[in-house]
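# A structural walkthrough
Here is what each chain is made of, one letter per residue.
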Amino acid sequence: MTAEVLDAVEEFDVVIIGAGISGIGAATYFSRELPDKSLVVLEARDNIGGTWDLFRYPGIRSDSDLHTFGYEFKPWRHEAAIADAHLIKEYLEETVGENGLERLLRLRHRVVRSEWSSADSTWTLTVQTTNPASGETRTKTIRAGWVFAATGYYRYDEGFSPEFPGRDDFEGQIVHPQHWPEDLDYSGKKVVIIGSGATAITLVPAMASGAGAARHVTMLQRTPTYVMALPRVDRVALTLTKLLGEKRGYAVTRFKNIWTEHAVVKGLRTFPKAGRALIRRENIKRLPKGFDVDKHFNPPYDPWDQRLCLAPDGDFFDVIKEGKASVVTDAVARFSKRGIVLASGEELEADVIVTATGLNLRLFDGMPIVVDGHRVDIADALCYRGMLLSGIPNWAMAIGYTTSSWTLKVSLMCRYFIDLVRHMDARGHDTVVPVAPSGTKRRSVMDIKAGYAKRGEKLLPKQGPEKPWRMAMSYPEDAKALRGPVADEHLKFGTGRAASRRPGARRATHA
Ligand SMILES: Cc1cc2nc3c(=O)[nH]c(=O)nc-3n(C[C@H](O)[C@H](O)[C@H](O)COP(=O)(O)OP(=O)(O)OC[C@H]3O[C@@H](n4cnc5c(N)ncnc54)[C@H](O)[C@@H]3O)c2cc1C
């Protein structure tokens, strides 16, 4: 592989970085609503889809229902509301096709540095492109009036795996769900899955049943999680679609699900004891007689302090009931030749160990962001309406919810972004930067206590104590915040080169 610097410079009004569900959604909204703006989507990988293309472990599926995880402009047509990754990826490919986004998409274009100049109100992006045939990389420059960063929230190249002592002693195979080997054959083998998050809850039934099933799957957790069975198919949604047609049926289901979820989360957070008792009762109904629910399904935190895990149609409980899978609550002391020695002294035998131990949180792919010659530490920035960052002009980020469907927030942000750009155009502004009042108190943006959230907190921007600096974490709250008046005293607008620039003036050009 060789690296070569090219002189070609292209210029766009808006550059979207990332072609996951956020970037594809943003490209659709912007190309429809801001047709005069020149637009491009830069994607580092060979494929669109982000999360839904990267993860290949057995059973990989959504936790959210696709009526809220899907876009408001494109009904979800499959029967199952909880969807397998390949169906989500297909949905995204359809979105690209139906909205003519192919012409905007640049795959294998990784932004490695973003530099803002106030003198010409422009972002200069250093982009590394890769030739798929030769693997040769080149570097090019793309300039933009705006960056819409839809880069997700975790490292793609490396999942999180704690340092387990004795790892090298283990004679079987160790696999991380983020790097699943295509040819992994676990049929008839003893599998231990370390972890108790959504990935582990998905993997257990997927590996313990069906063709090529493991001999036995053990989920080894240090700390229990709340797990709830929910129907994979939303019968009410199917009826609504039958009665109202595809578009209206989808819209009403979406409305129903947004408000049902909001009520459930609020209820669980307000009455955690009752919530805990309800979940316990449901778990007992689904588990074998005598199962120690209070040991294995009794987290030390309240419901929804971390995301609740979902078992579609109770699949996770079924394999436990059938004896194909079991749960062990203990800590790893070390890996051994034959498996894992636990803190209790017991040894779990394994042929395959899956470290479902999580993600490494990272924003904007960790790229340097430079404003007028100074490198910005995004951990020092404050989030404005959950999508702009103090001290970083013309930069929006697509970060969704942690406790409800991610995309719900992204659609609100896209609408606000469109209104903001129109507002600026109408007044001849070309720069906007949020400025927080001096002395604004800062706290973490994470509203959940999951391991990855705690580990990554120090890398993330902060939030303030009140609107517009507080990060709303529910759709109804955000709908108010993001649909309100576009401008306020916290946004500082500028008119650099705008007077001499028409909308769409930043057409692709070559130097
Ligand atoms: C296994 C798993 C299951 C999940 N299930 C759900 C769920 O059910 N419901 C829910 O709400 N959330 C879920 N999430 C969270 C999920 O990641 C988001 O909901 C959503 O998929 C994020 O989409 P995104 O487009 O913002 O980011 P991503 O899917 O992470 O996509 C980001 C894209 O940006 C690209 N990119 C990054 N940096 C650069 C760069 N420098 N240059 C160019 N391109 C770049 C990446 O290659 C990637 O394609 C899940 C997460 C995981 C890991």
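Residues numbered from 1 in each chain as written. Predicted model: local features only at pLDDT ≥ 70, side-chain atom pairs only at ≥ 80, totals over all residues. Heavy atoms only, no water.

### A word on the overall build of the protein chain
Scanning the protein chain from N- to C-terminus turns up 13 helices and 25 strands. In terms of C-alpha radius of gyration, the protein chain reaches 24 Å, essentially the compact-globule figure of 24 Å for 511 residues. Overall, the protein chain is about 75 × 55 × 50 Å in size when its C-alpha atoms are taken along their principal axes. Taking all 511 residues of the protein chain together, 54% fall into the buried category. In the protein chain, of all internal contacts separated by at least 6 residues, the share reaching a separation of at least 24 is 74%. (Helix = DSSP H or I, 4+ residues; strand = E, 2+ residues; numbered from the N terminus. Rg over C-alpha atoms; globule rule 2.2 N^0.38 Å. Buried < 20%, exposed > 50% of the residue type's maximum accessible area, 1.4 Å probe, protein only. Contact = heavy atoms within 4.5 Å.)

### What about the nonpolar core?
As a rule of thumb, nonpolar side chains are buried together in soluble globular proteins. Phe30, Phe148 and Phe316 are the most contacted members of the largest nonpolar core, which totals 132 residues. Other than its neighbours up to four places away in sequence, Phe316 contacts Ile201, Val204, Pro205, Met219, Val227, Phe297, Ala311 and Val327. Grouped together as the second largest cluster of nonpolar side chains are twelve residues, Ile194, Leu220, Ile340 and Leu342 included. (Core = buried A, V, L, I, M, F, W, Y, C linked by side-chain atoms within 4.5 Å.)

### Points about the site of the ligand
In the vicinity of the ligand lie 33 residues, with Ser22, Glu43, Asp63, Ser64 and Tyr156 positioned nearest. Glu43 is positioned such that a nitrogen or oxygen atom in its side chain is 2.6 Å from an oxygen atom of the ligand. Within the backbone of Ala44, an N or O atom sits 3.1 Å from a nitrogen atom of the ligand. If the ligand stood free it would expose 970 Å²; the protein chains cover 95% of that surface. If you list the elements that add at least two residues to the shell around the ligand, you get α1 (21-33), α2 (51-54) and β4 (109-117). Take the shell around the ligand: its biggest share by element is three residues, from β4. For the shell around the ligand, the per-class residue count stands at 15 nonpolar, twelve polar and six charged. (Near = heavy atom within 4 Å. Polar contact = N/O pair within 3.5 Å; in protein donor to acceptor, adjacent residues only side chain to side chain. Areas by Shrake-Rupley, 256 points an atom, 1.4 Å probe, with all protein chains shown as cover. Nonpolar A, V, L, I, M, F, W, Y, C, P; charged D, E, K, R; others polar.)

### A short note on the packing of helix α11 (residues 406-427) against helix α13 (residues 475-483)
Following both chains from N to C, one finds α11 and α13 inclined at 5°, their axes separated by 10 Å at the closest point. Of the possible angle classes, the one that applies to α11 and α13 is roughly parallel. Only Tyr475, Asp478, Ala479, Leu482 and Arg483 of α13 make contact with α11, whose side of the interface consists of Leu408, Lys409, Leu412, Met413 and Tyr416. In terms of residue class, the contact of α11 with α13 is made up of seven nonpolar, no polar and three charged. (Axes fitted to C-alpha atoms, helices over the stretch in contact; angles between N-to-C directions. Parallel < 35°, antiparallel > 145°, perpendicular 65-115°, else oblique.)

### Quick look at the pattern of salt bridges
Scanning all chains against the criterion turns up 34 salt bridges. The salt bridge involving Arg113 is made with Glu115; its shortest N-O contact spans 3.0 Å. On the basis of relative accessible area, Glu115 is assigned to the partly exposed category, the value being 31%. Residue Asp478 is joined to Lys409 by a salt bridge in which the shortest nitrogen-to-oxygen separation is 3.3 Å. (Salt bridge = Lys/Arg side-chain N within 4 Å of Asp/Glu carboxyl O.)

### Description of the pairing of strand β14 (residues 339-342)
Taken residue by residue, a regular strand's side chains alternate between the two faces of the sheet. Where strand β13 (residues 332-335) lies against β14, three bridges are found, and the strand directions are antiparallel. Among the inter-strand pairings, Phe335 is bridged to a residue of β14, identified as Ile340. Counted between consecutive antiparallel strands, the loop separating β13 from β14 contains three residues. Adjacent in sequence and paired antiparallel, β14 and strand β15 (residues 347-349) are bridged by four residues, among which Gly345 carries a positive phi angle near 100°. (Pairing = 2+ DSSP bridges.)

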